[in-house]
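So the chains spell out like this:
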Amino acid sequence: MIKPSQPQLGVTRSQSQSQQTMVDAPRMMSMHTENGMDSESFAQIDKYLYHMRLSDETLLEVSQRFEKEMEKGLGAETNPTASVKMLPTFVRSTPDGTEDGDFLALDLGGTNFRVLRVKVSDNGLQKVEMENQIYAIPEELMRGSGVQLFDHIAECLANFLDKLQIKDKKLPLGFTFSFPCHQTKLDESILVTWTKGFKCSSVEGRDVVSMLRKSIKKRGDFDIDIVAVVNDTVGTMMTCGYDDHNCEVGLIVGTGTNACYMEEMRHIDLVEGDEGRMCINMEWGAFGDDGVLNDIRTEFDREIDMGSLNPGKQLFEKMISGMYMGELVRLILVKMAKEGLLFGGRLTPDLLTTGHFETRFVSAIEKEKEGLQKAHEILSKLGLEPSHEDCLATLRICQIVSTRSASLCGATLAAVLRRIKDNKGVERLRSTVGVDGSVYKKHPHFARRLHKTVRKLLPDCEIRFIRSEDGSGKGAAMVTAVAYRLAAQHKARQKILEPLKLSHEQLLEVKEKMRIEMEKGLGKETHAEATVKMLPTYVCSTPDGTEKGDFLALDLGGTNFRVLLVRVRNGMRRGVEMHNKIYSIPVEIMQGTGEELFDHIVHCISDFLEYMGMKGVSLPLGFTFSFPCQQNNLDEGILLKWTKGFKATGCEGEDVVGLLKEAIHRREEFDLDVVAVVNDTVGTMMTCGYEDPYCEVGLIVGTGSNACYMEEMRNVELVEGDEGRMCVNMEWGAFGDSGCLDDIRTEFDLAVDELSLNPGKQRFEKMISGMYLGEIVRNILMDFTKRGLLFRGRISERLKTRGIFETKFLSQIESDCLALLQVRSILQHLGLESTCDDSIIVKEVCTVVARRAAQLCGAGMAAVVDKIRENRGLDFLKITVGVDGTLYKLHPHFSTVMHETVKQLSPKCEVTFLQSEDGSGKGAALITAVACRIREAGQR
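Residues numbered from 1 in each chain as written. Predicted model: local features only at pLDDT ≥ 70, side-chain atom pairs only at ≥ 80, totals over all residues. Heavy atoms only, no water.

Q: It is not clear to me how the overall build of the protein should be interpreted in this structure. Could you clarify?
A: Counting secondary structure elements, the protein contains 31 helices and 26 strands. Rg of the C-alpha trace for the protein: 39 Å, well past the compact-globule value of 30 Å for 940 residues, more than 25% over. In terms of its C-alpha atoms, the protein occupies a principal-axis envelope of roughly 125 × 70 × 50 Å. Residues counted as buried form 58% of the 940 residues belonging to the protein. Relative to all contacts within the protein whose residues are 6 or more apart in sequence, the contacts with residues 24 or more apart total 71%. Taken together, the 116 basic and 137 acidic charged side chains of the protein have centroids lying 5 Å from each other. (Helix = DSSP H or I, 4+ residues; strand = E, 2+ residues; numbered from the N terminus. Rg over C-alpha atoms; globule rule 2.2 N^0.38 Å. Buried < 20%, exposed > 50% of the residue type's maximum accessible area, 1.4 Å probe, protein only. Contact = heavy atoms within 4.5 Å. Lys, Arg positive; Asp, Glu negative; His and termini not counted. Charge placed at Lys NZ, Arg CZ, Asp CG, Glu CD.)

Q: Where do I start with the sheet that holds strand 13 (residues 461-467) in this structure?
A: Strand pairing in a sheet is mediated by backbone hydrogen bonds. Such pairs are either parallel or antiparallel. Strand order in the open sheet formed by 6 strands is 1-11-10-9-12-13, and the pairing between neighbours is mixed. Strands with a single pairing partner mark the edges of an open sheet, and in this sheet they are strand 1 (87-88) and strand 13. In terms of strand pairing, strand 9 (residues 247-253) meets strand 12 (residues 429-436) through 5 bridges, oriented parallel. The residue of strand 12 that forms the bridge with V249 is V433. The strands touched by helix 16 (residues 446-457) within the sheet are strand 9 and strand 13, with strand 13 carrying the most contacts at an inclination of about 160°. (Pairing = 2+ DSSP bridges. Axes fitted to C-alpha atoms, helices over the stretch in contact; angles between N-to-C directions.)

Q: Sorry, what's going on with the pattern of salt bridges here?
A: Two side chains carrying opposite charge are able to pair once their charged atoms lie near each other. Taken as a whole and assessed by the stated rule, the structure comprises 76 salt bridges. Between R745 and D753 there is a salt bridge, with the nearest N and O atoms lying 3.3 Å from each other. Overall, R745 belongs to the buried group, its relative accessible area being 12%. When its relative accessible area of 8% is taken as the criterion, D753 is described as buried. Put simply, R778 and E775 hold a salt bridge, and the shortest N to O gap is 2.9 Å. One end of the pair, R778, and the other, E775, are both in helix 25 (residues 770-786), 3 residues apart, so they sit about a helical turn from each other. For R778, a relative accessible area of 4% corresponds to the buried category. Judged by its relative accessible area of 11%, E775 is buried. Linked by salt bridges that have partners in common, K511, R515, E519, D866, R869 and E870 make up one network. (Salt bridge = Lys/Arg side-chain N within 4 Å of Asp/Glu carboxyl O.)

Q: Would you take a moment to explain the sheet that holds strand 21 (residues 673-678) for this structure?
A: As summarised here, the arrangement of the 5 strands in space is 17-16-15-18-21, forming an open sheet in which the pairing is mixed. Lying at the two open borders of the sheet, with one neighbouring strand each, are strand 17 (575-584) and strand 21. Neighbour to neighbour, the strand axes of the sheet diverge by 20° on average, direction disregarded. Pairing of strand 15 (residues 549-556) with strand 18 (residues 620-625) involves 5 bridges; the strand directions are parallel. By the bridge assignment, L556 is partnered in strand 18 with F625. Where helix 20 (residues 594-611) meets the sheet, it contacts strand 15, strand 16 (560-569), strand 17 and strand 18, and its direction lies at approximately 130° from that of strand 17.

Q: Help me understand the environment of R745 in this model?
A: Within the secondary structure, R745 is located in the loop between strand 24 (725-729) and helix 23 (747-754). Distance in space between the C-alpha atoms of R745 and L500 is 8.2 Å, their sequence separation being 245 residues. Discounting chain neighbours no more than four positions away, the residues touching R745 are L750, D753, R763 and M767. Polar contacts involving the side chain of R745 include one to the side chain of D753, which spans 3.3 Å. (Polar contact = N/O pair within 3.5 Å; in protein donor to acceptor, adjacent residues only side chain to side chain.)

Q: Can you walk me through helix 30 (residues 894-905) in this structure?
A: Given 3.6 residues per helical turn, the α-helix brings residues three or four places apart onto the same face. When the terminal C-alpha atoms of helix 30 are compared, their 17 Å separation across 12 residues agrees well with the 16 Å that a helix rising 1.5 Å per residue should span. Residues of helix 30 that are buried sit in contact with helix 18 (504-522), strand 22 (695-701), helix 24 (763-768), helix 28 (836-871), helix 29 (886-890) and strand 26 (909-915). (Expected span 1.5 Å × (residues − 1).)

Q: Any chance you could explain the environment of A415 here in plain terms?
A: Mapping A415 onto the fold places it in helix 14 (residues 388-424). With a relative accessible area of 0%, A415 lands in the buried category. The spacing of A415 and H356 is 59 residues in sequence and 34 Å in space, taken between C-alpha atoms. Residue contacts for A415: discarding those within four places in its chain leaves S63, F66, E67 and M70.

Q: What is the right way to look at helix 21 (residues 656-667) in this model?
A: Its 12 residues give helix 21 an end-to-end C-alpha distance of 17 Å, which sits within 8% of 16 Å, the value for a rise of 1.5 Å per residue. Every buried residue of helix 21 is listed here: V656, V657, L659, L660, A663 and I664. With its buried residues spanning 160° around the axis, helix 21 presents them on a single face. In this structure, the buried residues of helix 21 make contact with strand 15, helix 20, strand 18, strand 20 (636-639) and strand 21. The residue sitting at the N-terminus of helix 21 and contributing the capping side-chain oxygen is D655; that oxygen lies 3.0 Å from the backbone nitrogen of V657. Immediately beyond the C-terminal end of helix 21, within one or two residues, lies E668, with a positive phi of roughly 50°. (Arc of directions from axis to C-beta.)

Q: Please explain unusual backbone geometry as it appears in this structure.
A: Backbone phi values are negative for most residues with the exception of glycine, while trans is the configuration of most peptide bonds. With a phi close to 50°, M86 is a non-glycine residue in the positive phi region. Relative to the elements of secondary structure, M86 occurs in the loop between helix 4 (56-74) and strand 1. On the accessibility criterion, M86 (1% relative accessible area) is buried. Look at Q762: it is not a glycine, yet its phi comes out positive at around 55°. If you trace the backbone, Q762 turns up in the loop between helix 23 and helix 24. Accessibility expressed as a relative area gives 22% for Q762, which makes it partly exposed.

Q: Help me understand the environment of K661, please; the structure alone is not making it clear to me.
A: For K661, the position within the fold is in helix 21. Judged by relative accessible area, K661 falls into the partly exposed class, the value being 34%.

Q: Just checking my understanding: could you explain a negative patch on the surface for this structure?
A: A cluster of acidic residues, E595, E596, E654 and E662, forms a negative patch at the surface. In this fold, E662 is placed in helix 21. (Patch = residues over 30% accessible without salt bridge, like charges linked within 9 Å, V, L, I, M, F, W, Y side chains within 5 Å. Areas by Shrake-Rupley, 256 points an atom, 1.4 Å probe, with all protein chains shown as cover.)

Q: What's the story with the packing of helix 11 (residues 322-338) against helix 14 in this structure? I'm lost.
A: Helix-helix packing: each pair is described by the crossing angle between the helix axes and the interaxial distance. Where helix 11 contacts helix 14, the axes come no closer than 10 Å and their chain directions differ by 140°. Classified by the angle their axes make, helix 11 and helix 14 are oblique. In terms of crossing hand, the pair formed by helix 11 and helix 14 is right-handed. Facing helix 11, whose interface residues are M325, L328, V329, I332, L333 and M336, helix 14 presents T394, I397, C398, V401, S402, R404 and S405. When the residues that make up the contact of helix 11 with helix 14 are grouped by side-chain class, the tally is 9 nonpolar, 3 polar and 1 charged. (Parallel < 35°, antiparallel > 145°, perpendicular 65-115°, else oblique. Left-handed = near helix turned anticlockwise from the far one by under 90°. Nonpolar A, V, L, I, M, F, W, Y, C, P; charged D, E, K, R; others polar.)

Q: Would you mind showing me how to read the side chain of T746 here?
A: Checked against the element boundaries, T746 lands in the loop between strand 24 and helix 23. Take T746: its relative accessible area is 6%, and that puts it in the buried class. With near-sequence residues (within four places) excluded, T746 lies in contact with P499, L500 and R852.

Q: Would you mind showing me how to read the nonpolar core here?
A: For soluble globular proteins, the rule of thumb is that nonpolar side chains tend to be buried together. In terms of nonpolar packing, the biggest core is built from 115 residues, with L251, Y261, M282, W284, F357 and I397 touching the most fellow members. At 18 residues, helix 14 tops the list of elements feeding residues into this core. Sequence-distant contacts of Y261, defined by excluding residues within four places in its chain, comprise M70, L74, M86, E248, V249, M278, C279, I280, M282, V416, R419 and I420. Counting 112 residues, the second largest nonpolar core, distinct from the first, contains A553, I776, V849 and A863. (Core = buried A, V, L, I, M, F, W, Y, C linked by side-chain atoms within 4.5 Å.)

Q: Please clarify how the packing of helix 9 (residues 299-306) against helix 11 should be interpreted in this entry.
A: Closest axis-to-axis distance for the helix 9/helix 11 pair is 10 Å, and the angle between their directions is 120°. Remark: the crossing between helix 9 and helix 11 carries right-handed chirality. Contacts between helix 9 and helix 11 involve E299, F300, D301, E303 and I304 from the former and Y324, E327, L328, L331, I332 and K335 from the latter. When its residues are assigned to classes, the contact of helix 9 with helix 11 shows 6 nonpolar, no polar and 5 charged.

Q: Please clarify how the packing of aromatic side chains should be interpreted in this entry.
A: In the structure shown here, the tally under the stated rule is 24 aromatic pairs. On the basis of an interplanar angle of 20° and a centroid distance of 5.2 Å, the ring pair of W194 and F198 is categorised as stacked. Given the relative accessible area of 7%, W194 is considered buried. On the basis of relative accessible area, F198 is assigned to the buried category, the value being 0%. Joined through ring pairs, the aromatic side chains of F175, F177, F179, W194 and F198 make up one cluster. Sitting over the ring of Y690, R574 keeps its end group 4.1 Å from the ring centre. (Phe/Tyr/Trp six-rings, centres within 6.5 Å; stacked < 30°, edge-to-face > 60°. Lys NZ or Arg CZ within 6 Å of the ring centre and 35° of its normal.)

This is how it looks when you write it as C-alpha cells:
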C-alpha cells in the first residue's frame, strides 16, 4: 500500500486513466478531512475496484462500439441479429409549440394505470392543463384473460369521462403502453411479451389498440379516437420537446434505462420512404447482449446477471439502472467482507439477502453533508457494526458504482448525439435531451457526472438537458397533439394545392381548347382575334439527308450574339461540323439606332470571316432572330416589337433582312446571300429533323415556351396555295389570353401574372415555363406560411422578395439523389430557416407545380400531334418531336411527366422526343441548306 502521506489515488494505473474516475474523490477528501479521514482506505478500494473505474479511452471505445450497434439495428439485413433493436415508433415530428386542443392519455406500465385529460392551448402562450385519475389493476386481472383486462381499462375510461362530463365528445387519445412491442403504425402495436408481473392470456402477438377499441365498442356508451401508442421514452422526448423545440433525444435512467432520438428516414431500412425523420426507440438496455461489453463487465456484473430473472439479457441496463445499482454495491460489500477487508470480516444475514441494499441508499450515502452518517445508519440497520473506515469505504464503493453508471450512460448518449450531428452535417450541434427517471432525478451527483462525460466525448457540441415532467402521461398526449396538428396541417395544405392538381378530364379539356385556338389562328377570318397566332414560317420541308455545303448562321436573341460557320456533308461522311464565335452587344447599341445595331452585327460577321480565313467568300446565310416577327416570305421578317431589353430605333415595322443587307452594302467588304429568317423553335425542329426523318414538331420549354409543326398548306389560309406543307410557328405561350383557361388558373397564377411585366399576356407560358414556376412556388409558400402551415408561421423578408426562388432551385430540390439536407441548405441560402418537415413541404409544392407545368405542356403537345394525325387521315401516327430548353433538359421529372401525359391524351400517336442541340445555330444553317437544296432542284 502507499504511505498515507501521499494523497494519490489510482495506484496501478496510468495518469490519464486515473483522472477520469476519481471525479469525486478530491471533493470527498476535502469534505471529510474533519473526520480525520485516511486516504489509505480510498486508495485500497480504488485498487480493489480497478475494473469498475473506466478511463476516458475506455468510454470513447464504448461510445464507438455503441455507434456500430446502432447501425446494425437500423439495417434491414443486420437488424434480426442486432442486440440494440432500434425500433421505429412512427412518431415523425416533435412539437413546434402551435399544438392545440383537448386530448386524453392512458398510461399502463405497472400495477396501477392512469387516465389523463390534457388541454394544450396555443394563444401565443403555450400552456398545458392536466387532470388525472389513478386506477388499480387487481392481481387476478393481471393474470386473467386479455379481454377482461381491456374491458376493465374501458370501464375506468368511462368512469373518468363521466366524472369530467365529457362522454359525449370524441376526443383523441394517446396510449402509453410500457411493454416490449413491435409497432407497425402510429396506432398499431403488437405486444411481444408481457413483463413486470403481467401474464394476461391471448394478448401476446396481437395489436393492443384493436383490443382496446373492441372493448370500448362493446360498451357503446362513449367513443374515442386512439391516435397513437407511445413508449414512455418517446413520451419523455415529446414532453420536453413542447418546451424546447431543439429537443430530439429522450433518455430514461430509473428502474430501467432506455433512450430514443429522431433519426433520418433514409437510414431506417425497416420503414418505407426516405423523406423526413422518425423517432427511434433504441431499447438500449440490451446493448452488450451479444458479448461486445464482455471486456469491461466485472465479476459483480456477471453475478448480478446470473441471479436475475432474465440471465444474458439487458446486460447494459444491469450495469446502469436503479434496479441493479444497490445490488452491485451489496455484492461488492459481501465479497470484501469475506476477504476480511471490511466490517472486520463479519457478515450478517441481512447483508447476504438479495435486494437488501437498495439503490436509494446509494443516493443517501453520496449526499454532501450527511453522507457518512447515513452510511453508518444504513450499515447498522443491516446488522453490522461499521467503523469510520468501513463507512468511508462504503461511500467510495457507492461513488465508483454510480460514477460508472453515469459514465457508461454518457458514453452511449454521446454516440447518439454524434450520430445526430453527422446526420445534420453541422460543425456544432445544438441539441436538447429530455430526461426522466429516479436515478437521474434523485441521485445527488448522477446528472452532473453524466453531463460531464457527454461534454468530454463531444467537446464541439452544445447539449442542454431538461427534466421531463410526466413523460408517460403528458408525453402520450403530446404525441397525439403533434399527430393531430400534422394531420390538420396536411389537410389544409392539400386543400390549397388541390386546384393545382389536374384530372385526366381537365387535361383533355385543355387539349380540346388548344385545338380550337389552333383552328382560329389558321383561319383567315378568325386570325385577327386569335390568341394562338399560328404564324407561317415559309419553311416547307425538313432535311432529307442530301443537303451539303458551307453555310453561315447568325443567332440574335439576347445580349450575346453568335456567328457560325456550318459545314454540312452528305453521302458516306454525312454530318455537320460547326465553328462559332460569340460577340457581345453593348447596351448603348441595344438602345441606339437600328443602323448602329446592324453595322455592329456586320462588323462581327466580318471579324468572324477573317478569323476563319474566308474573307471575300459569298455564302448562303440563315438568320435566327428571336423576336416577334411577321414573316411574308422565308427571307422576309417584319419586326413587330422589340423585347428582352432591345430598343434600337427605326426597326419596328421594318424587314430585318432588308436592314441587314443595307448594312452589308454600307460596309462594301463582302456579299452574303440571306436565305432565311428563322425562329428558334423551328430551328429546334430542323436540327432534330436532320437526325430523324420523322421529326415534324419543335418544342421549347425553357425560360419561355413555344411550339411549331408541319401543317398542310391547305389549312394555312394566310398563305396562297394548297400544295405540300409549311411549318407553323404557333406562339402558343399566349394560349389562354382569351380567358379560355380561367377555370384552371389558380389564385397563385393570377398573383404571378398581375406582377409580371406583361399582365394578361402569355398566360399559358406563365403556367409552364421556367421564368415563372419559381414565382408560383414562392407565392404558395407565402400563403402556407401566412396560414401557419410552414416555417412555423414566420415570413422572412427574403420570402417576400420577388424572383428569389429561381427555377433551377426547383430542379435541384426535386432531384431524387438529393437528401432533404440539401433542400434545407437551398432554403438556408434563401434565408429561410427550415425544419425537416418544412423541407418535405417545400419539396411537395415544387413537385405539384412542376408536375402541372409538364402536364399542361403535354396537353398542348397532344393537341398538335392529334391534329397532324387527323390532317393525314391516319388511324395511327408515328412522329418525333425535337425539344430544347433548360426546364425540359435539366428538371429531373418534367420530361417523364410530359411524355406520360401525351401518351394518355393521344393514344393513337406514338410520339418520340429527341433533345436538340443548338437549334438556333445549327437549325438556322439547316433551314438555309434545305432552302438551297430546293432552290437548286427548282433551277435544274
